[in-house]
Amino acid sequence: MMATVVSDQGAAPPNDEYLLCSGGQFRLMEIRDAATAKAKKKWDAAPTIPHEGEGGDCPGDALMDISKNNVTMTARLAARDWLSDCELSQEHPGLHYGIEECLEFPFTADVWLPDDTTLKVKVVGFIEGEDGSERPGTGIGFKVKYLDQELLVPTDAFVNELANPSQLDDDWMKSAESVPAKVFAILRVFYSGSILTNIREFGDIWCDMRYDVTYEGQKKEKRKVYQAMKKDYVTNPPKIKKVKSFPKVDTSERLWNVLYSPYPLMQTSLAFHTYLATVAKFPFDVKVKYGGGVVTATGLVPYKANKYFQESRGVYMTVDLHSDSSGEPPRKKAKNCTAQVAVSVHGVEAWYSTPDPIKRYLEDVDKFMESLGICANKWRFVQCDLLPKNMYSGDWEI
């Protein structure tokens, strides 16, 4: 049964109405469902690989700060120890360095799947370029193996072992086995406090202000911020410029129209969301990455923000749970799952039947993430004086 397409203009529903997942998570579900009972039994029966390293070489001894007495606050303090000395250009290298120092691969972990079940995987490494998560933008992706296949999942795919602090064992919290959970907690803190932006344009403003060269870029950006507040772009997004000409121009020119539109830098995700809402006519088929099956995109998950700019997610499309071209009916979700499944646009690719406007959109998103897209901590925007005064909160600083 097709889902109702949700209007892009209305107020965003609570997060729990959607089960947001990456292409990697969706592909894991497909691999599991296609495997033989014997293969799955053998995988499930294999011994768990515990994490070996103590994480003692983490920057600032960050992991030592995380306590079950107040996981949220101590994870934020740990992230501050990890990244507080980093300049803008070193935020992501700093994340990479910390992971390299803290984690010993491989180890076993559980990930969430789109049908609200979990699956045991072997985590074998990480690279830059996650394929979508609840956090906006690009970042750290973890390489995982399941049966004989390797693919990529984002941090949010992993079951949060620190979610119920009262049930955590003191000895486990001090052991090497808790290190991955603590690293994932720090990454979640970073990405939940970050904004997807155009690093080239934002980096120019950052450098100009740091070296006291010129403030023209900052002044221009502040005018965009004021306009976005005055006209409330979240509920009344401006139109993407020259969309009718998109079939005739290349990716670079389309991105120019999307990125240098009225949207300020901290609403880059909203610009891409509006771009898709403009060109998409649901339903249509797309293909899950990593050699996955075909899924039917049925609608667009509404953009959600808090006080104009605080993004809680990237761009997601609701999908039916059938995942091949055999015409089988949509797969049923778990009995306790009432949320509608939505897949990140970073986790799908064009299929032969995908409409041309969607093919162009996916091409543009990939190009943007390849060369311009990055998550920058909100505190960087505060340092550049690019956030409205009534939005500032000390909690944003890592």
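See the structure shown above.
Predicted model only: the values in this text are computed from it and were never measured.

## Quick look at the state of the cysteines
Using the criterion set out here, one finds zero disulfides in the structure. The thiol of Cys 207 is unpaired, and the distance to the nearest cysteine sulfur, on Cys 384, comes to 9.2 Å.

## Topic: a positive patch on the surface
A cluster of basic residues, Lys 219, Lys 220, Arg 223, Lys 241 and Lys 242, forms a positive patch on the protein surface. Mapped onto the elements of the fold, Arg 223 is located in helix α8 (residues 216-231).

## Some points on the packing of aromatic side chains
Within the structure shown, the criterion is met by 16 aromatic pairs. Note on Phe 142 and Phe 158: the rings are 5.7 Å apart at their centroids and 90 degrees apart in plane angle, and the pair reads as edge-to-face. In this pair, Phe 142 sits in strand β4 (residues 140-146) while Phe 158 sits in the loop between β5 (149-154) and α5 (170-173), placing the two residues 16 residues apart along the sequence. Aromatic pair Tyr 275 and Tyr 361: ring centres 4.9 Å apart, planes at 75 degrees, arrangement edge-to-face.

## Remarks on the side chain of Ser 194
One can find Ser 194 in strand β6 (residues 194-198). Separated by 2.5 Å, the side chain of Ser 194 and the backbone oxygen of Phe 190 make a polar contact.

## Some remarks on unusual backbone geometry
With an omega of 0 degrees, the peptide bond between Phe 105 and Pro 106 qualifies as cis. Structurally, Pro 106 can be placed in the loop between α4 (91-102) and β2 (107-112). The phi dihedral of Leu 147 is positive, around 55 degrees, even though this residue is not glycine. Even without being a glycine, Asp 385 presents a positive backbone phi close to 55 degrees. Within the secondary structure, Asp 385 is located in the segment after α12 (378-383). Classification of Asp 385 by relative accessible area gives partly exposed; the value is 24%.

## A look at a negative patch on the surface
A cluster of acidic residues, Glu 52, Asp 57, Asp 61, Asp 81, Glu 104, Asp 110, Glu 161 and Glu 177, forms a negative patch at the surface. When you line up the elements, Asp 57 lands in the loop between α2 (37-45) and α3 (71-83).

## Here we look at the packing of helix α9 (residues 251-259) against helix α11 (residues 356-371)
Running from N to C, α9 and α11 point in directions that differ by 80 degrees, and their axes come no closer than 10 Å. By the criterion of interaxial angle, the relationship of α9 to α11 is roughly perpendicular. Between α9 and α11, the contacting residues are Thr 251, Arg 254, Leu 255 and Leu 259 on the first element and Arg 360, Glu 363, Asp 364, Lys 367 and Phe 368 on the second. Partitioning the contact of α9 with α11 into residue classes produces three nonpolar, one polar and five charged.

## What to know about the environment of Val 179
By the secondary structure assignment, Val 179 is in helix α6 (residues 179-192). Residue classification places Val 179 among the buried residues on the basis of a relative accessible area of 2%. On a C-alpha basis, the gap between Val 179 and Gly 53 in space is 7.7 Å, while along the polypeptide they are 126 residues apart.

## Some remarks on the pairing of strand β7 (residues 284-288)
In the case of a regular strand, side chains alternate between the two sheet surfaces. Along β7, four of the five residues are buried, which leaves the element largely enclosed by surrounding structure. The antiparallel pairing of β7 with strand β8 (residues 294-300) creates a hairpin that spans five residues between the two strands, and Tyr 290 there sits at a positive phi of about 65 degrees. Summarising the sheet, β7 and strand β11 (residues 348-349) pair through two bridges and their orientation is antiparallel. Directly across from Lys 287, in β11, lies its bridge partner Glu 349.

## A look at the sheet that holds strand β10 (residues 340-344)
Here six strands make up an open sheet; going across it, the order is β1-β10-β9-β8-β7-β11 and the pairing mixed. Edge strands, defined here as strands with exactly one partner in the open sheet, are β1 (18-21) and β11. One ladder, built from three bridges, connects strand β9 (residues 316-319) with β10; its direction is antiparallel. Bridge assignment links Thr 318 to a residue of β10, and that residue is Ala 342.

What counts and what doesn't
- Residues numbered from 1 in each chain as written.
- Predicted model: local features only at pLDDT ≥ 70, side-chain atom pairs only at ≥ 80, totals over all residues.
- Heavy atoms only, no water.
- Disulfide = S-S within 2.5 Å.
- Patch = residues over 30% accessible without salt bridge, like charges linked within 9 Å, V, L, I, M, F, W, Y side chains within 5 Å.
- Areas by Shrake-Rupley, 256 points an atom, 1.4 Å probe, with all protein chains shown as cover.
- Salt bridge = Lys/Arg side-chain N within 4 Å of Asp/Glu carboxyl O.
- Lys, Arg positive; Asp, Glu negative; His and termini not counted.
- Charge placed at Lys NZ, Arg CZ, Asp CG, Glu CD.
- Helix = DSSP H or I, 4+ residues; strand = E, 2+ residues; numbered from the N terminus.
- Phe/Tyr/Trp six-rings, centres within 6.5 Å; stacked < 30°, edge-to-face > 60°.
- Polar contact = N/O pair within 3.5 Å; in protein donor to acceptor, adjacent residues only side chain to side chain.
- Buried < 20%, exposed > 50% of the residue type's maximum accessible area, 1.4 Å probe, protein only.
- Axes fitted to C-alpha atoms, helices over the stretch in contact; angles between N-to-C directions.
- Parallel < 35°, antiparallel > 145°, perpendicular 65-115°, else oblique.
- Contact = heavy atoms within 4.5 Å.
- Nonpolar A, V, L, I, M, F, W, Y, C, P; charged D, E, K, R; others polar.
- Pairing = 2+ DSSP bridges.

Any link to function would need more than the numbers given here.
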